[in-house]
Amino acid sequence: MTNAAGRRLWYAQPAQEWNEALPIGCGRLGAMIFGRPAEERLQLNEDSVWYGGPRDRNNPDALAYLPAVRQLIGEGRLREAEELASMSMAGMPEAQRHYLPLGDLRLSFGGHDEPVEAYLRELDLENGVCRVRYRIGEVEYTREHFASYPGQAIVIRLSASRRGALSFKARFDRGSWRAMERTDPWRSCGLAMRGHCGGEGGRSFAAVLRANVEDGECRTIGEHMVVEGASSVTLLLAAGTTFRHLDPEQEAKDRLDELWQIPYARLLARHTADYRSLYARTELRLPEDSSWDHLPTDERLKRFGAGQDDHGLLADYFQYGRYLLIASSRPGSLPANLQGIWNDSFSPAWDSKFTININTQMNYWHAETCNLAECHEPLFDLIERMREPGRVTAQSMYGCRGFTAHHNTDIWADTAPQDTYVPASFWPLGAAWLCLHLWEHYRFGQDAHFLAERYETLKEAAVFLLDYLTEDESGRLVTCPSVSPENTYLLPGGESGVLCTGASMDSQIIGSLFEACLAAGETLEIDASFRAELSAALARLPKPQIGRYGQIQEWLEDYEEAEPGHRHISHLFALYPGDAIDAQRTPELAAAARTTLERRLAGGGGHTGWSRAWIVNFWARLRDGEQAYANVRALLAKSTLPNLFDNHPPFQIDGNFGGATGIAEMLLQSRIGEIALLPALPSAWHEGSVRGLRARGGYTLDFVWAARQITTVTVTCSSGGFCRLEGPGLAAVTFEGEAGRTYRFGRES
Ligand code: FUC
């Protein structure tokens, strides 16, 4: 909601459970804040606290059995193929590493026996600060929390309105894992916890807390820090692991010694300046009804679920998607994992790692459009680290050059198959899809230096595929073995299975990757002979085909699908995030994509948050604003938790990111040289304004619309080039942009 304080999530009661707590983060460090008056819990994360070390899990028998697996698939003996692949291709062991919590910081407050009044808990999206306020008797208590990227620390400011009214005990708590760590006092008013993350080759971690106390006293007793009679206290918390530092405890202590000298107001100012340098680039206004502003976020979400329109809540949700990326993915951190950075479980769902057959990619769909390109960098770093293990996997499992990855990776950039779950595990397209993010980053930013630096990575992913592709009877180049993540097909003879030849998604990803490599090579004026090889292969890839129901075929043959409402809609990759299927250029394929979507939805599709978010993007690309809007509504109504986290279930952050992308995609779409404004505007968004959305080709756009017509547009160019701009109410405008210049267009122009 907006009010004088700007966009925020707010609540009139403390969090009862984790899905009500509010997240803060600076990419590497994160916390979930419960806001409980007497017994506060801050659940902490550091992005490199993972169980176990790196391993080579590649199955040494994969290559020897590859011809047999291919032959069985070719003969339609799917059961046998799956049985053999499950033995010969599965990783050894079958699971990658998993992400762990750092622990909790527990604060127990004294003098909190009287009833709590005037309680407020809020996440201020404008400044990246979480606040809690309440009154007990005559005393007002306030807390401010933020995770500072410049400071690389979590900062908590506790204060009381009456001098000396603040007394509390603090301690670290790792629940039943407490055997793994030890806490000691540090300096006169601090605690240092250290321990081992567990597992062979696992790293060690440390978390250090220090208090800066105004009035009152502070000492440590055993594992506790005790503050008595203070007026305000600044708690500083730093943490790290041996993933990055030889001695993370010393590193954290040095950091806190430095931060301890800096007054709180300055720490806060440094944080907000840094945070706002990203967040404030973009603004969205939809027709908002200020009469909802007196209602807390959870109440508004409930009303939304009951059918009430609330565009203010949608604008909050959009900005929250940007907030969460800023908080979970900053240069130098690991990429946002399945839960961003926020995980309280020692055995989290899907290991809280990186699922790269849709989820990790979705995490970054809005990075470019929503003006957070720097936050994309951690993904690029992980891709670089995957090259070496990915080469070993390519060579040892498939006898191919280049680098590959399957449907998951972890902190160690592991590329061998994950799980023995045939619908997902044996799919070697993970690296190829990820590499398209490098190309998207270039398409938006037009940074030739970046392209030159990353070209070899794109190329190496393509080289793997040149080797991996096999020729089918009609001379087409197809993947085998592969799957269409994670759906099952039925053979005419009654056999069903998942392993296949030439899943449509594979051909679409490979087509996009080869085209990206070709364009990159041309731009950089290098690699002419490789380009010739790519062009020849590109011409032999299967093209999207229309099947018996008028749908886009999910497999090379028009098989019947076992689950028509399946959450994965992989064969529409070419519609989004790819662009080979386009409402205007390929109307027949677009109509078939619509049929695919309708069939998926009629079959009960969209039942996970991320699937629903993907559907929003599909409808936006089909330029159907009403359908896109209906699915945004469903995302919030059915798949959103009280703290606005996406609910798979359980919490999985991809839906937040995919949902924010979808909203942006309804308002602006682009190709190099073409920008469409309001391509999928629902009637409910009859007026509004946007500032700071980005378009491919190096453009940033601000625009305003009323009565569903564009009134003004401002385009700022970061590079030069010819561009065509279209939108309702805007006579199609063409202009030759010059780097560094801003252009204005409106109804009158
Ligand atoms: C894929 C999806 C699941 C889940 C998991 C993390 O396997 O099919 O729905 O999102 O990743």
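What you see is a predicted model, and the numbers here were worked out from it, not measured in a lab.

### Some words on the overall build of the protein
When helices and strands are counted, the protein shows 18 helices and 32 strands. For 749 residues, the compact-globule estimate of 2.2 N^0.38 gives 27 Å, and the protein sits close to it at 26 Å. When its C-alpha atoms are laid out on the principal axes, the protein stretches across 85 × 65 × 50 Å. Looking at the protein as a whole, 64% of its 749 residues are labelled buried. Here the contacts in the protein between residues at least 6 apart in sequence split such that 68% fall between residues at least 24 apart. Carbon and sulfur atoms make up 49% of the accessible area of the protein, which amounts to about 25200 Å² in all. Where the 75 positive side-chain charges of the protein centre and where its 98 negative ones centre are 4 Å apart.

### Examining the sheet that holds strand β31 (residues 730-737)
An order of β25-β26-β30-β31 is seen for the four strands of this open sheet, with the pairing classed as mixed. Whereas interior strands pair on both sides, the edge strands pair on one side only; in this sheet they are β25 (668-671) and β31. Taking each pair of neighbouring strands and ignoring which way they run, the sheet shows an average axis angle of 15°.

### What about the site of the ligand?
Taken together, the neighbourhood of the ligand is formed by Leu-338, Trp-350, Thr-355, Asn-359, Glu-486, Arg-567, His-568, Trp-610, His-648 and Gln-652. One nitrogen or oxygen atom from the side chain of Asn-359 is found 3.1 Å from an oxygen atom belonging to the ligand. Residue His-568 places a side-chain N or O atom 2.6 Å away from an oxygen atom belonging to the ligand. Protein contact buries 97% of the 290 Å² of open area that the ligand shows by itself.

### Some words on the state of the cysteines
A full pass over the atoms with the stated rule returns one disulfide. What pairs with Cys-189 in a disulfide is Cys-218, and their sulfur atoms sit 1.7 Å apart. The chirality of the disulfide connecting Cys-189 with Cys-218 is right-handed, given an S-S dihedral of about 75°. Placement of the pair is Cys-189 in the loop between β11 (181-185) and β12 (190-196) and Cys-218 in strand β14 (residues 217-221), with a sequence separation of 29 residues. Given a relative accessible area of 7%, Cys-189 falls into the buried group. Not engaged in a disulfide, the cysteine Cys-26 finds its nearest cysteine sulfur in Cys-375; these two sulfurs lie 12 Å apart. Cys-26 sits in the buried class, given a relative accessible area of 2%. No disulfide involves Cys-517; its sulfur sits 8.3 Å from the nearest other cysteine sulfur, which is in Cys-435.

### A short note on the domain arrangement of the protein
Split into domains, the protein comes out as domain 1 (8-50 + 99-280), domain 2 (62-92 + 329-605) and domain 3 (688-746). Taking both partners together, domain 1 and domain 2 bury about 2300 Å²; carbon and sulfur atoms supply 67% of that area. Together, Trp-50, Tyr-99 and Leu-278 form the three largest contributors to the area buried by domain 1 at its contact with domain 2, with a combined 32%. Taken together, domain 1 and domain 2 are joined by one salt bridge. Summed over the shared surface of domain 1 and domain 2, the result is ten residue pairs in polar contact (both at pLDDT 80 or more).

### Quick notes on the packing of helix α16 (residues 609-621) against helix α18 (residues 654-667)
Relative to each other, α16 and α18 sit at 15°, their axes nearing to 8 Å. As far as their axial angle goes, α18 and α16 are roughly parallel. The crossing of α16 and α18 is left-handed. For the pair α16 and α18, contact is made by Gly-609, Trp-610, Ala-613, Val-616, Asn-617, Ala-620 and Arg-621 and by Asp-654, Gly-655, Gly-658, Gly-659, Thr-661, Gly-662, Glu-665 and Met-666, respectively. Class assignment for the residues of the contact of α16 with α18 results in five nonpolar, seven polar and three charged.

### As for the confidence of the model for the protein
In regions of low pLDDT, the predicted coordinates are not meant to be interpreted in detail. Per-residue confidence for the protein gives a mean pLDDT of 96; residues scoring 70 or more make up 99%. Element-level mean pLDDT values for the protein span from 89 in β31 up to 99 in strand β2 (residues 22-25).

### Thoughts on the sheet that holds strand β27 (residues 688-695)
Sheet strands pair via backbone hydrogen bonds, and the direction of the pair is either parallel or antiparallel. Taken in spatial order, the five strands of this open sheet run β17-β27-β28-β29-β32, and their pairing is antiparallel. What marks the edges here is a single partner per strand, and that holds for β17 (283-285) and β32 (742-746). Strand-to-strand twist in this sheet, taken as the mean axis angle between neighbours without regard to direction, amounts to 20°. This element, α18, spans β17, β27 and β28 (699-706) of the sheet and lies at about 100° to β27.

### Regarding the nonpolar core
Considering soluble globular proteins, one finds that nonpolar side chains tend to be buried as a cluster. Ranked by size, the top nonpolar core spans 222 residues in total, and within it Phe-168, Phe-514, Leu-667, Leu-701, Phe-703 and Leu-725 carry the most contacts. Not counting residues within four places of it along the chain, the set of residues in contact with Phe-168 comprises Leu-107, Ser-108, Phe-109, Gly-110, Leu-158, Met-225, Val-226, Val-227, Val-233 and Leu-235.

### Thoughts on the side chain of Thr-272
Within the secondary structure, Thr-272 is located in helix α4 (residues 264-279). Judged by relative accessible area, Thr-272 falls into the buried class, the value being 16%. A distance of 3.2 Å separates the side chain of Thr-272 from the backbone oxygen of Ala-269, its partner in a polar contact. Not counting the four nearest positions on each side in its chain, Thr-272 is found in contact with Asn-127 and Val-129.

### Some details on the pattern of salt bridges
In total, this model carries 65 salt bridges according to the counting rule given. The residue Arg-691 makes a salt bridge to Glu-283 at a minimum N-O spacing of 4.0 Å. Here the residue Arg-691 occupies a position in strand β27, and Glu-283 occupies one in strand β17, the gap between them amounting to 408 residues. Across the pair Asp-579 and Arg-671 runs a salt bridge whose closest N-O atoms are separated by 3.8 Å. Here Asp-579, found in the loop between β24 (560-561) and α15 (587-602), pairs with Arg-671, found in strand β25; they are 92 residues apart in sequence, far enough to count as distant.

### What about unusual backbone geometry?
Along the chain, Pro-485 connects to Glu-486 via a cis peptide bond; the corresponding omega equals -15°. One can find Glu-486 in the loop between β21 (477-478) and β22 (489-490). Look at the link from His-648 to Pro-649: it is a cis peptide, with omega at -5°. Residue placement: Pro-649 occurs in the loop between α17 (625-638) and α18. Of note in this structure, Asp-419 is not a glycine but carries a positive phi near 65°. In this fold, Asp-419 is placed in the loop between β19 (408-409) and α10 (422-425).

Parameters and conventions
Residues numbered from 1 in each chain as written. Predicted model: local features only at pLDDT ≥ 70, side-chain atom pairs only at ≥ 80, totals over all residues. Heavy atoms only, no water. Helix = DSSP H or I, 4+ residues; strand = E, 2+ residues; numbered from the N terminus. Rg over C-alpha atoms; globule rule 2.2 N^0.38 Å. Buried < 20%, exposed > 50% of the residue type's maximum accessible area, 1.4 Å probe, protein only. Contact = heavy atoms within 4.5 Å. Areas by Shrake-Rupley, 256 points an atom, 1.4 Å probe, with all protein chains shown as cover. Lys, Arg positive; Asp, Glu negative; His and termini not counted. Charge placed at Lys NZ, Arg CZ, Asp CG, Glu CD. Pairing = 2+ DSSP bridges. Axes fitted to C-alpha atoms, helices over the stretch in contact; angles between N-to-C directions. Near = heavy atom within 4 Å. Polar contact = N/O pair within 3.5 Å; in protein donor to acceptor, adjacent residues only side chain to side chain. Disulfide = S-S within 2.5 Å. Domains from an automatic or database assignment. Buried area = accessible area lost by both parts, 1.4 Å probe. Salt bridge = Lys/Arg side-chain N within 4 Å of Asp/Glu carboxyl O. Parallel < 35°, antiparallel > 145°, perpendicular 65-115°, else oblique. Left-handed = near helix turned anticlockwise from the far one by under 90°. Nonpolar A, V, L, I, M, F, W, Y, C, P; charged D, E, K, R; others polar. pLDDT = per-residue confidence, 0-100. Core = buried A, V, L, I, M, F, W, Y, C linked by side-chain atoms within 4.5 Å.

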